[in-house]
Amino acid sequence: MGIRKRSMEGMGWLMLLDLSFYRGKHVFVTGHTGFKGSWLCNILVHSGAVVTGYSLPAPTTPNLFAISGIEAGMRSVIGDIRDIKQLSAALKEARPEIVFHLAAQPIVRESFRDPVTTFETNIMGTVNLLECIRQNQNIRSIVNITTDKVYLNDERSVGYREDDPLDGFDPYSNSKSCSELVTHSYYHSFFHDSGTAVSTVRAGNVIGGGDFAKDRILPDCVRAVSGGKPVLIRNPSSVRPYQHVLDALMAYLMIAQCQYENSRYSGWYNVGPEEADCVSTAELVSLFCEQWGPDAKWECRPQHNTPHEASYLRLDCEKIKSVFGWRPVWNIRKAVELVCTWTRAWMDGKNIASEMDRETADYLSLASRL
């Protein structure tokens with residue numbers, strides 16, 4: 001895909017993202033009841049977008065979609081991305097101009113337990129969505145959210161670039177590699193000359209308040225310390241590109257807007273933290289315990305006969321930096337601090353919608369000065 005680079009010297013990347021752009025725009029979000037989907041819909045609704053979400057029911061109890069109250073500001077369709085007839089009907093009724101595809105089976109360990117559902121959801125879900133879009137002429141901008149795990153991981157210590165081979169190891173990672181390839185095929189076969197811009201975004205390990213998923217490290221930390229137990233970690237030396245959810249979401253929104261305005265920005269983009277914020281599991285959990293307080297402890301409990309996990313995973317984000325001037329706003333210490341702040345607010349019964357709005361306003365204020 002052709003990319004026009006911009007010189008952003010002396011400019012904040014937020015100048016490219018104008019959330020008022022979304023006012024009145026019809027936006028379709030798959031996976032809207034999930035952790036990232038709920039945060040994304042919250043931003044879009046508060047920006048004045050007309051939002052329709054399509055997803056299975058929220059995967060956890062409690063869940064951010066319910067406790068944030070965001071459903072009151074949007075249309076929520078409960079449906080399976082594998083059901084192309086229901087998906088097509090929902091898309092036609094919504095008449096979107098912009099689509100964010102987040103619906104997925106997103107847990108690596110779950111993909112080993114149920115590979116068939118993982119492949120069906122992550123591959124055919126993408127096929128179904130793009131096929132419905134192919135038959136809908138109103139859509140101008142599509143962003144498919146995949147993962148940092150799409151790359152053929154050879155345990156290198158340097159970051160993967162967008163032109164590195166795609167070949168995720170486990171069923172989750174591999175299915176998202178396939179979702180990338182499906183998207184590339186649909187773009188070149190059907191969308192390239194149609195005026196519909198398409199990008200995929202390979203985001204790092206996203207953390208933030210409101211994630212209640214199983215087998216994710218910070219939600220596991222919260223569950224452990226809330227129960228008065230030590231946090232147990234399997235692989236303390238594993239390195240991952242952790243980033244706050246708002247860093248990822250604002251990049252998605254920026255890409256969707258820029259390619260809506262100029263389809264030459266269609267492409268494949270990594271979105272991750274700075275090199276210094278790619279930390280080991282032990283470092284991440286230590287930061288959590290430090291922020292949480294003296295009652296939080298962690299222990300290493302190696303497990304045998306467990307599913308394969310890569311030791312090193314980093315992203316090279318020079319492409320999105322050079323094309324858009326994008327930079328992450330919050331470092332890993334701040335991101336973990338915000339997880340703890342959000343969680344304590346929720347545990348204390350505070351207004352979660354207000355907490356999310358406060359975090360978003362603080363983020364945008366800081367980003368505007370970078």
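The coordinates are above.
All of these numbers come straight from a predicted model, not from anything done at the bench. (Residues numbered from 1 in each chain as written. Predicted model: local features only at pLDDT ≥ 70, side-chain atom pairs only at ≥ 80, totals over all residues. Heavy atoms only, no water.)

Please clarify how the pattern of salt bridges should be interpreted in this entry.
Proximity of charged atoms lets side chains of opposite charge pair with each other. Applying the stated criterion to the full structure yields 22 salt bridges. Taking the shortest distance from any N to any O, the salt bridge between D148 and K149 comes out at 3.3 Å. Measuring nitrogen to oxygen at the nearest pair gives 2.7 Å for the salt bridge that ties D220 to R223. Of the two residues, D220 and R223 are both situated in helix 7 (residues 217-226); the distance of 3 residues between them amounts to about one turn of the helix. (Salt bridge = Lys/Arg side-chain N within 4 Å of Asp/Glu carboxyl O. Helix = DSSP H or I, 4+ residues; strand = E, 2+ residues; numbered from the N terminus.)

What is the right way to look at the sheet that holds strand 10 (residues 267-271) in this model?
Sheet strands associate in pairs through backbone hydrogen bonding, adopting either a parallel or an antiparallel arrangement. One open sheet accounts for 7 strands, arranged 3-2-1-4-5-6-10; its pairing is parallel. In the strand order of this sheet, the two ends are held by strand 3 (75-78) and strand 10, each with one partner. Pairwise comparison of adjacent strand axes, ignoring direction, gives a mean angle of 15° for this sheet. Lying on the sheet, helix 5 (residues 115-134) is in contact with strand 1 (26-30), strand 4 (98-101) and strand 5 (141-145); it crosses strand 4 at an angle near 175°. (Pairing = 2+ DSSP bridges. Axes fitted to C-alpha atoms, helices over the stretch in contact; angles between N-to-C directions. Contact = heavy atoms within 4.5 Å.)

What am I meant to see in the state of the cysteines here?
In a disulfide, the sulfur atoms of two cysteines are covalently bonded to one another. Applying the stated rule across the entire model yields 0 disulfides. Summary of cysteine pairing: C41 is not part of a disulfide, and the nearest cysteine sulfur, belonging to C132, is at 18 Å. Free of any disulfide, C178 has its nearest neighbouring cysteine sulfur in C132, separated by 20 Å. Residue class for C178 comes out partly exposed when judged on its relative accessible area of 25%. (Disulfide = S-S within 2.5 Å. Buried < 20%, exposed > 50% of the residue type's maximum accessible area, 1.4 Å probe, protein only.)

Is there a simple way to explain the packing of aromatic side chains in this structure?
Each aromatic ring pair is characterised by the separation of its centres together with the angle its planes make. Scanning the model with the defined rule gives 13 aromatic pairs in all. With a centroid separation of 6.3 Å and 35° between ring planes, the pair formed by Y186 and F191 is classed as tilted. The pair Y186 / F191 is uniform in exposure class, with both members buried. Pairing W330 with Y363 gives two aromatic rings, centres 5.1 Å apart and planes at 85°, and the pair type is edge-to-face. With W330 in the loop between helix 10 (318-324) and helix 11 (332-347) and Y363 in helix 12 (residues 352-367), this residue pair connects regions lying 33 residues apart in the sequence. For W330, a relative accessible area of 8% puts it in the buried group. On the accessibility criterion, Y363 (0% relative accessible area) is buried. (Phe/Tyr/Trp six-rings, centres within 6.5 Å; stacked < 30°, edge-to-face > 60°.)

Would you mind going over the environment of P294 with me for this structure?
Tracing the backbone through its elements, the reader meets P294 in the loop between helix 9 (281-292) and strand 12 (298-300). With 65 residues separating them along the chain, P294 and E359 place their C-alpha atoms 25 Å apart.

In this structure, what is going on with the packing of helix 3 (residues 84-94) against helix 5? I would like to understand it.
Each pair of packed helices can be described by the angle between their axes along with the distance between the axes. Running from amino to carboxyl end, helix 3 crosses helix 5 at an angle of 45°, the nearest separation of the two axes being 10 Å. Classified by the angle their axes make, helix 3 and helix 5 are oblique. Read as a crossing pair, helix 3 and helix 5 show a hand that is right-handed. Seen from helix 3, the contacting residues are I84, L87, S88 and L91; seen from helix 5, they are N128, L129, E131, C132 and I133. The class makeup of the residues in the contact of helix 3 with helix 5 is 6 nonpolar, 2 polar and 1 charged. (Parallel < 35°, antiparallel > 145°, perpendicular 65-115°, else oblique. Left-handed = near helix turned anticlockwise from the far one by under 90°. Nonpolar A, V, L, I, M, F, W, Y, C, P; charged D, E, K, R; others polar.)

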